[in-house]
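Analysis of the macromolecular model
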Amino acid sequence: FLYPAFRLLMPKRPELALAAVAFVAVFPQRLLMCSIIAPEPSGIFAASAALWMFAHYRATPQRWGWLWGAGAMAGMMALTKSTLLPFCVAFFVTALVLPLQSGLSRREKGLAIGGVMLCGALVCVWWYVRNIVEYGQLVPTSVTPGSLDTAVKVAGGPDMIALLFLPRGRFYYKLAVTGIFWYFWCPSDWV
């Protein structure tokens, strides 16, 4: 999905499309997530498909099906992992902005935007309603802060602000900040 999306967005720069796909293909964190049982590959699939559909819609704004399909894919992203929810919001904002920038009439813009929101809602809302009915929680598999045995605790509970004032806490923050880079560029989970 990424290659044809970039070819549509930048038709005169095929080398950029190839470079983007090559970068994603060898990105260590993506390879790690795709090699284990994790929800991230579904999010990658949905995000790539939505980007491709946005590119098609941008080329032909009269064909709302592309935009509605992107809304469904953004809804699918919302099903994968709660950390992808900000990206879902960004995709829905994109789905709002694209019709507003097109030369469509006010009615057509309303239908395009309403359709994309409906498609996204149909895909993701039913899952969240199911979670509440079945488990009593919106996201039943999410880890809440301090619930892991390995979580950092101060005075018996999680207090990330208090950690800033302890030498041990500052060390944890230093590890977290430096680990952000290494986490994405090496298979740290295997170590």
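Computed from a prediction, not measured in an experiment: that's the story for all the values here.

Criteria and thresholds
Here the residue numbering is sequential within each chain, running from 1 through the sequence in written order. Residues qualify for local features only when their pLDDT is at least 70, as the model is predicted, and side-chain atom pairs are given and counted only at 80 or more; totals for whole chains, interfaces and linings, by contrast, use all residues. Based on all heavy atoms of the structure, the side-chain values leave hydrogens and waters out of the count. Secondary structure elements follow DSSP: runs of H or I no shorter than four residues count as helices, runs of E no shorter than two count as strands, and numbering proceeds from the N terminus. Any pair of N or O atoms that falls within 3.5 Å is considered a polar contact. Within protein, one atom must be able to donate a hydrogen and the other to accept it, and sequence-neighbouring residues count only if both atoms are side-chain atoms. Residue contacts are defined here by distance: any two heavy atoms, one from each residue, within 4.5 Å place the two residues in contact. Ring pairs shown here join Phe, Tyr and Trp side chains whose ring centres sit within 6.5 Å, with only the six-membered ring taken for Trp; geometry is labelled stacked below 30 degrees between planes, edge-to-face above 60, and tilted in between. Confidence scores per residue from the predictor, reported as pLDDT, run from 0 to 100. A helix is expected to span 1.5 Å multiplied by its residue count minus one. One axis is fitted to the seven residues ending at the residue and one to the seven starting there. The bend at that residue is the angle between these axes. Here's how the labels work: a residue is buried when its accessible area is under 20% of the maximum for its type, exposed when over 50%, partly exposed in between, all with a 1.4 Å probe on protein chains only. For helices, the fitted line uses only the C-alpha atoms of the stretch in contact; every axis is such a line through C-alpha atoms, and the angle between N-to-C directions lies from 0 to 180 degrees. Orientation labels follow simple angle bins: below 35 degrees gives roughly parallel, above 145 gives roughly antiparallel, 65 to 115 gives roughly perpendicular, and whatever is left gives oblique. Crossing chirality is assigned from the near helix's rotation relative to the far helix, an anticlockwise turn below a right angle marking it left-handed and a clockwise turn marking it right-handed. Definition used for salt bridges: Asp or Glu carboxyl oxygen within 4 Å of a side-chain nitrogen of Lys or Arg. By convention a nonpolar core is built from buried Ala, Val, Leu, Ile, Met, Phe, Trp, Tyr and Cys residues, the set being connected through side-chain atoms within 4.5 Å.

Right, let's get into the side chain of S102. Among the structural elements, S102 can be located in the loop between α6 (85–101) and α7 (106–135). In this structure the side chain of S102 is engaged in a polar contact, spanning 2.6 Å, whose partner is the backbone oxygen of P99. Discounting residues that sit within four places of it in the chain, S102 has contacts with Y57, P61 and K109.

Scanning the model with the defined rule gives five aromatic pairs in all. For the pair F1 and W52, a centre-to-centre distance of 5.3 Å together with 45° between the ring planes defines the contact as tilted. Of the two residues, F1 is situated in the segment before α1 (2–9) and W52 in helix α4 (residues 40–59); the sequence distance between them amounts to 51 residues. Between the aromatic rings of W52 and W66, the centroid separation amounts to 5.2 Å while the plane-to-plane angle is 85°, which identifies the pairing as edge-to-face. Taken together, the residues span a long stretch of sequence, with W52 in helix α4 and W66 in helix α5 (residues 64–80) at a distance of 14 residues. By way of ring pairs, the aromatic residues F1, F45, W52 and W66 are connected into one cluster.

Glancing now at the confidence of the model for the protein. Confidence in the prediction of the protein, expressed as mean pLDDT, is 77, and 72% of residues score 70 or more. Ranking the elements of the protein by mean pLDDT puts helix α8 (residues 167–185) last, at 64, and α1 first, at 90. Here residues 187–191 is a poorly scored stretch, pLDDT under 50, and it has six contacts once near neighbours within four places are set aside; other chains count.

An ideal rise of 1.5 Å per residue puts 44 Å on 30 residues; α7 measures up with 42 Å between its terminal C-alpha atoms. Along α7, the helix axis deviates most sharply at L122, where the bend reaches about 35°. Residues of α7 that are buried include every one of K109, A112, I113, G115, V116, G120, C124, Y128 and N131, and no others. With its phi angle positive at about 80°, G136 sits one or two positions after the end of α7.

Here we take up the packing of α1 against α4. Between α1 and α4, the least distance of the axes is 8 Å, while the angle of their chain directions is 25°. The angle between the axes of α1 and α4 places the two elements in the roughly parallel class. Relative to α4, the crossing made by α1 is left-handed. Here L2, P4, A5, F6, L8 and L9 of α1 lie close against α4, whose contacting residues are S48, L51, W52, A55, H56 and R58.

This part covers the pattern of salt bridges. Under the defined criterion, the tally for this structure stands at one salt bridge. We note a salt bridge from E15 to R13, for which the minimum N-O separation is 2.5 Å. Assessed through its relative accessible area of 42%, R13 is described here as partly exposed.

If you look at the biggest cluster of nonpolar residues, it comprises 27 residues, and the most contacted ones within it are F54, Y57, L67 and F91. Residues contacting F54, with those up to four places away along its chain left out, are L67, A70, F91, T94, A95 and L98.

Moving on: the environment of A59. Turning to its location among the elements, A59 is positioned in helix α4. The spacing of A59 and S102 is 43 residues in sequence and 10.0 Å in space, taken between C-alpha atoms.

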